[in-house]
Amino acid sequence: MSSPLPFGSWPSPVTAEAVAAASPRIDGARFVGDEIWWGESVPSEGGRTTVRRRSRDGEVGQVLPAPWNAGSRVHEYGGGAWTASDDGILWFVEKSDQRVWKLAPGHDPRPLTPAEGGMRFGGLVFQHGRLLAVRESHVGSGAPARDIVEISTDGRGVRTVVSGSDFVAHPEVSPDGERLAWIAWNHPDMPWDRTRLRVGRLEDGGVTEWFEVAGGGTAPLQPLWSDADSLVYADDPTGRWNLWSADVTADGGAVPVAPAPADTGGAVWVLGTRWFRLLEDGRIVAVRTQGGDSVVLITPAEDQGSAAGVTVLPVDVATNTSIDDVRGTRVLITAAGVDGPPAVWLVDVDAPDPAERVVGGASSWGSEWLPRARDVVFDGPRGPVHAIDYPPTNPHTTGPAGARPPYLVMVHGGPTAHVAAAPSGKVTFFTSRGIGVLDVNYGGSTGYGRAYRERLRGQWGVVDVEDVAAAATGLAAEGVADPARLVVEGGSAGGWTVLAALTDTDAFAAGISRYGVGDARALAADTHDFEARYLDGLIGPLPDAESLYVQRSPLSRPERFRVPVLLLQGADDPVVPPAQSEAIRDALAARGIPHAYVLYEGEGHGFRRRETVIDALEKELAFLGAVFSFETPGVAPLELHPRDPEDRLSA
């Protein structure tokens, strides 16, 4: 029988340690001979990424031993840090030096790229015997240069295949080895704004001239060759990323492939994500996103007068889905599942059986502790606001009769990003203790088409704040959440929205900012090259829009901070340096606002280490307990500091 206890104090087996142990990041998967390999972070080893293998008989082992760490820093967000060949050779980017290394069976890793030159590599692919990568060269004080390169697999060096633009991604060699297709874009565009799909003839290993197949006013992504003369790619001329097919030898233009009111494509924050793959028989396995993800099998029409066949595959994905590799009728898929944890699925598109989970699965605490996600839509000042409601869920405990629970309103980063109905360990950590979670896809989020994504254009710090506040107050108006106990929480760009919501609205009783932006001008001056012109579209180009940068920045109005704030920050963050959080801390201290500031040594933009994940999660719960005066069994209380600006918690 359930027993009533104050919200926030419910006993729960979902500890911060359990969340850290159950929350590895999956970094791609592929078939290697008759084995399956995948990248996986190891929180207990400082968050390093290893590569694991599952043999044909089901035995799981490690390919990349400690202390080797597969991690790219191209664009700072990396991606595509490893690939492999069918004979069991692993190529990977070592995080510590950003060189590409080769690990052959029975040998130690050896470097293939030089130690000097300020080079970074990412987006590794092995195609038709060629190892290709995106190279980012940091030389001198200017902006980094990027090109697509071929890396000799026997250590003879690196040569440029194609350059000529600020950014490049998705290199694909045609089956006959005579052409290269790739995606390019230039400042100030981001890859979800405008890109160009280019094709060039390969001569002596390089491209000397090219032509454009699509883009300029749209954002084509991920070209794949269906034969030596034809491409399939994602593009959004209709406002949704759908699949298109084009004969690169003809002038007839592109034709749509199974158009749908959903996205096959997304924001290219990292290199290596694949939203579709082609089977040998011409069928296509693709992700479709409308709020959440689904995986479909598309049988293209034999002629333009008939419709393609579309079948939904039995894969319980929710978000961050990548179609990583195909072999015959078998497909490897990575994603966060409907039950939360990241996983690798193996599915045979012609088999009646459900997809098999290669790694990942139900959380150790059991499905009865998982909250049932509810997709909700609220009326915002500028249109609908999409969100996911996770109510407090505990099979043994209920809240006091007639009381409504506190809610943690989560704001994703990006801001061009997306969340879907997948109860993560972090979500379950709170809901199992009697704290509801509302995850908001404010205007500007992906997953709902270009129009929804561009609602934020020029309006960052306005639309996101309006939408998050509308969702929070809307949930309270439904009678679901306690309107006096709404807390807004987010990291990076989500932290900006947190701080702006605290200064510009009265919707929230407290806020939690993880490495959040407080000063837009400082961000524009300090941030890395990938995002150097991002704010042109989100706020406006400098110097003309400088007054808007000042007006929108939470640090421009510190007198409006009125409620408690928790600040969590990585000491080595290159995207949002600690100075931003420390300026917020100082403003709170100067006004006597209850607050805590925690600086994590050795952490960057996003927390990776097991001990950091544990401490940050417990600090957030303890902060809520301190603000709303409830006990947090098993988690030490947190003292809030309205004192000297130099007061700081260390972890």
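Below you will find a few notes about this structure. A quick note: this is a predicted structure, and the numbers were derived from the prediction, not measured.

Parameters at a glance
Residues numbered from 1 in each chain as written. Predicted model: local features only at pLDDT ≥ 70, side-chain atom pairs only at ≥ 80, totals over all residues. Heavy atoms only, no water. 1 Å grid on protein atoms, 1.4 Å probe; cavity = no way out; pocket = protein on both sides within 12 Å on 5 of 7 lines; lining within 4 Å. Points joined across faces, edges and corners; volume = space filled by probe spheres on them. Helix = DSSP H or I, 4+ residues; strand = E, 2+ residues; numbered from the N terminus. Nonpolar A, V, L, I, M, F, W, Y, C, P; charged D, E, K, R; others polar. Salt bridge = Lys/Arg side-chain N within 4 Å of Asp/Glu carboxyl O. Buried < 20%, exposed > 50% of the residue type's maximum accessible area, 1.4 Å probe, protein only. Contact = heavy atoms within 4.5 Å. Axes fitted to C-alpha atoms, helices over the stretch in contact; angles between N-to-C directions. Parallel < 35°, antiparallel > 145°, perpendicular 65-115°, else oblique. Pairing = 2+ DSSP bridges.

**So, empty space enclosed by the protein**
The final tally for this structure, using the stated rule, is 2 cavities of 30 Å³ or more. Taken as a whole, the largest cavity spans an internal volume of roughly 130 Å³. For the largest cavity, the full set of lining residues is M190, W192, D193, T416, G444, R453, E454, L456, R457, Y534, G537 and L538. For the lining of the largest cavity, the element with the highest residue contribution is helix 7 (residues 534–538), accounting for 3 residues. Each residue belonging to the lining of the largest cavity can be placed in one class, and the counts come to 5 nonpolar, 3 polar and 4 charged.

**Brief notes about the pattern of salt bridges**
For the structure shown, the criterion picks out 44 salt bridges. In this structure, the salt-bridge partner of D147 is R135, at a minimum N-O distance of 2.7 Å. Taken as a pair, D147 in strand 12 (residues 145–151) and R135 in strand 11 (residues 130–137) lie far apart in primary sequence, 12 residues in all. Taking the shortest distance from any N to any O, the salt bridge between D263 and R240 comes out at 3.2 Å. Of this pair, D263 sits in the loop between strand 21 (255–257) and strand 22 (276–278) while R240 sits in the loop between strand 19 (230–235) and strand 20 (242–247), and the two are 23 residues apart along the sequence. The buried category is assigned to D263, whose relative accessible area is 1%. Residues joined by salt bridges that share partners form a network here, namely R73, E76, R120, E136, R146 and D529.

**Side note on the environment of V270**
Along the chain, V270 turns up in the loop between strand 21 and strand 22. Residue V270 is classed as partly exposed on the basis of its relative accessible area, which comes to 33%. Separated by 195 residues in sequence, V270 and H75 place their C-alpha atoms 7.8 Å apart. With near-sequence residues (within four places) excluded, V270 lies in contact with Y77, G78 and G79.

**Here we look at the packing of helix 4 (residues 463–477) against helix 5 (residues 493–504)**
Packing of helix 4 against helix 5 leaves a shortest axis separation of 9 Å and a crossing angle of 75 degrees. It follows that helix 4 is roughly perpendicular to helix 5 by the angle criterion. Facing D464, V465 and V468 of helix 4, the residues of helix 5 in contact are W496, T497, A500, A501 and D504. A class-by-class count of the residues in the contact of helix 4 with helix 5 yields 5 nonpolar, 1 polar and 2 charged.

**Section: the sheet that holds strand 7 (residues 90–93)**
Here 4 strands make up an open sheet; going across it, the order is 6-7-8-9 and the pairing antiparallel. The open sheet is flanked by strand 6 (82–84) and strand 9 (110–111), the only strands paired with a single partner. In this structure, strand 8 (residues 100–103) lies alongside strand 9, joined through 2 bridges in antiparallel fashion. Looking at the pairing, W101 lines up with P111 of strand 9.

All we've got here are geometric facts, nothing functional implied.
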